[in-house]
Amino acid sequence: EEIRLRRKEEIEALASFYGEDLIPSLEEDCGNNTVIPPEGPWFIKLISTAESTCTIANGKGVPILEVRLPPNYPLSGGESRGEVSGLPEPILHNTISYNFSYERKKSLVDE
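Reading guide: rules and limits
Residues numbered from 1 in each chain as written. Predicted model: local features only at pLDDT ≥ 70, side-chain atom pairs only at ≥ 80, totals over all residues. Heavy atoms only, no water. Phe/Tyr/Trp six-rings, centres within 6.5 Å; stacked < 30°, edge-to-face > 60°. Buried < 20%, exposed > 50% of the residue type's maximum accessible area, 1.4 Å probe, protein only. 1 Å grid on protein atoms, 1.4 Å probe; cavity = no way out; pocket = protein on both sides within 12 Å on 5 of 7 lines; lining within 4 Å. Points joined across faces, edges and corners; volume = space filled by probe spheres on them. Helix = DSSP H or I, 4+ residues; strand = E, 2+ residues; numbered from the N terminus. Nonpolar A, V, L, I, M, F, W, Y, C, P; charged D, E, K, R; others polar. Pairing = 2+ DSSP bridges.

All right, on to the packing of aromatic side chains then. The final tally for this structure, using the stated rule, is 1 aromatic pair. Judged by centre distance (4.8 Å) and plane angle (85°), the rings of F17 and Y18 are edge-to-face. The exposure class assigned to Y18 is partly exposed, which follows from its relative accessible area of 30%.

Our next topic: the layout of surface pockets. What the largest pocket holds in volume is close to 400 Å³. Along its surface, the largest pocket is lined by 17 residues, and Y18, I44, L65, V67 and E111 are the ones closest to its centre. Those elements that place two or more of their residues in the lining of the largest pocket are α1 (2-18), β2 (42-45), β3 (64-68), β4 (89-93) and α2 (102-110). Here the lining of the largest pocket is built from residues that sort into 11 nonpolar, no polar and 6 charged.

Turning our attention to the pairing of β2. Residues of β2 alternate between two faces, with W42 and I44 on one and F43 and K45 on the opposite face, all of them buried. Where strand β1 (residues 22-23) meets β2, 2 bridges bridge the pair, whose relative direction is antiparallel. From the neighbouring strand, I23 faces β2, where its bridge partner is F43. Pairing geometry for β2 and β3, over 4 bridges, is antiparallel. Opposite W42, over in β3, you have V67 as the bridge partner.

The structure is reproduced here in structure tokens:
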């Protein structure tokens, strides 16, 4: 229960920073009434658009950062206890059509 509570707090912080660019999934519309699942993964549009959808099924969507969460995040420290990793895993989607350089992709993931 503590994990779920802390994740909800983190979602609130992300939502206050990213606003409508924090979205529930790769396939769903990006409306104001979307619920971000605490269990993750979490998705953040990297380029804001005036379009109401973030669907990437047609390959023409905006670049999106997916954040996959380990089971005990944010409570686990990860490597120090021999676990695989206690850190979220960042994954970029749909960046080819925007010609992001390797350095740009790396900086987006590192943020």
